[in-house]
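Reading the structure
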Amino acid sequence: MADDSQKISLIMALRRQGIHDPNVLGAMERVPRDLFVPEAFQDHAYDNNALPIDCGQTISQPYIVALMTQALDLNDRCKVLEIGTGSGYQAAILSHLSRRVYTIERYRTLHAQAQERFHTLGLTNVTAMVGDGTKGWPDQAPFDRIIVTAAAPDIPENLIQQLKIGGKLVIPVDNGPDVQELVTISRHDEGVERRDLIPVRFVPLVEGVAKEL
Ligand code: SAH
C-alpha cells in the first residue's frame, strides 16, 4: 500500500508537466492507482510510469492519463466512450469527471478484473463490455467524448461517426515504427479539426475480440 507522500509527489510532478486542470488533478488524487496495479508492482503504483498488467497489456503512465483526460475537456454532462478498458484506471478517472462512461475491452480477463474494481470503488456510472472497440458502441452512440487508449493505424471513421457535433476524440495514431502521435479531433458542423499533442507509445488497437482469455 502506497503512502500519501508518494501520491502527493505524483500530483506535483503532473503539475510541473503542465496538467493545470484542477478537476483532472482532483480525480488523479482521488482514484487509488494501487488498486489497478498487479501485486508485484505495488511499490511502483504511484511512479509516473506505465506498468505491465495481465494479457500482455499495460496501464498507462499517470502523466499520459492526465494529459488525455485534460485534452477531453470533460464536464459532468458528458457521455464518454473509452476503447481499451485495460486495468480500468482511465475509466475510473473519467467516471469522476463525466455523467456516464462506456468502456470496451477485447480481453475477458481484463474486463472482469476492471468490473470488480469499479464495484469495489462504487463507480456506478461506468458500463463495461467485452467487444471490439474499433466498431465503437453503436447502441449507445452518439457520445460527447471518445478516448482510445490503444494505438490506431488511422483515425477510425466509425468513431468519428459516433461522436456528436461539438464532440472531441483523443487517440494515439501511428506515426512511424513504434511511435505514435497523441491526437485530438474536434468534430464541427463542417468537418473535423485535428490537433497533435505529443509523441507517445501505446499497445496496438487490435481488431476483434481476443480468442484467448
Ligand atoms: N485504459 C487502460 C490502458 C490499457 S492498454 C488503463 O487505464 O489501464 C490498452 C487496452 O486496449 C488493452 O487492454 C487492449 O487489450 C485493449 N484493446 C486493444 N484493441 C482493442 C479493441 N479493438 N477493442 C477493445 N479493446 C482493445
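Above this note sits the structure.
Reading the values: the criteria
- Residues numbered from 1 in each chain as written.
- Predicted model: local features only at pLDDT ≥ 70, side-chain atom pairs only at ≥ 80, totals over all residues.
- Heavy atoms only, no water.
- Helix = DSSP H or I, 4+ residues; strand = E, 2+ residues; numbered from the N terminus.
- Rg over C-alpha atoms; globule rule 2.2 N^0.38 Å.
- Buried < 20%, exposed > 50% of the residue type's maximum accessible area, 1.4 Å probe, protein only.
- Contact = heavy atoms within 4.5 Å.
- Near = heavy atom within 4 Å.
- Polar contact = N/O pair within 3.5 Å; in protein donor to acceptor, adjacent residues only side chain to side chain.
- Areas by Shrake-Rupley, 256 points an atom, 1.4 Å probe, with all protein chains shown as cover.
- Nonpolar A, V, L, I, M, F, W, Y, C, P; charged D, E, K, R; others polar.
- Lys, Arg positive; Asp, Glu negative; His and termini not counted.
- Salt bridge = Lys/Arg side-chain N within 4 Å of Asp/Glu carboxyl O.

**Re the overall build of the protein**
On a plain count of helices and strands, the protein comes out with six helices and nine strands. A compact globule built from 213 residues should have a C-alpha radius of gyration of about 17 Å, and the protein, at 16 Å, falls within 12% of that. Across its three principal directions, the C-alpha atoms of the protein cover 50 × 40 × 40 Å. A total of 213 residues make up the protein; the buried ones form 52% of that total. By sequence separation, contacts in the protein at least 24 residues apart represent 53% of the contacts at least 6 residues apart.

**Things to note about the site of the ligand**
Taken together, 26 residues are adjacent to the ligand, and Gly84, Ser87, Glu105, Gly133 and Val206 come closest. Side-chain polar atom of Ser87 to an oxygen atom of the ligand: 2.6 Å apart, as the coordinates give it. Within the side chain of Glu105, an N or O atom sits 2.7 Å from an oxygen atom of the ligand. Bound to the protein, the ligand loses 99% of the 580 Å² it would expose on its own. Of the residues belonging to the shell around the ligand, the class tally is 10 nonpolar, 12 polar and four charged.

**Observations concerning the side chain of Arg187**
Tracing the backbone through its elements, the reader meets Arg187 in strand 8 (residues 180-188). The side chain of Arg187 is buried and forms no salt bridge, while Glu157, the nearest opposite charge, is found at 7.1 Å. At a separation of 2.8 Å, a polar atom in the side chain of Arg187 contacts the main-chain carbonyl oxygen of Leu163. With sequence-adjacent residues up to four places away left out, Arg187 is seen in contact with Ile160, Gln161, Leu163, Lys164, Ile165, Gly166, Gly167 and Val192.

**Here's the deal with the environment of Gln90**
Within the secondary structure, Gln90 is located in helix 4 (residues 89-95). When residues no more than four places from it in sequence are discounted, the contact partners of Gln90 are Val65, Met68, Thr69, Glu82, Ile147 and Thr149.

**Describing the pattern of salt bridges**
Tallying each qualifying case throughout the model produces five salt bridges. Across the pair Arg194 and Asp196 runs a salt bridge whose closest N-O atoms are separated by 2.8 Å. Note on Arg194: relative accessible area 46%, which makes it partly exposed. Assessed through its relative accessible area of 40%, Asp196 is described here as partly exposed.

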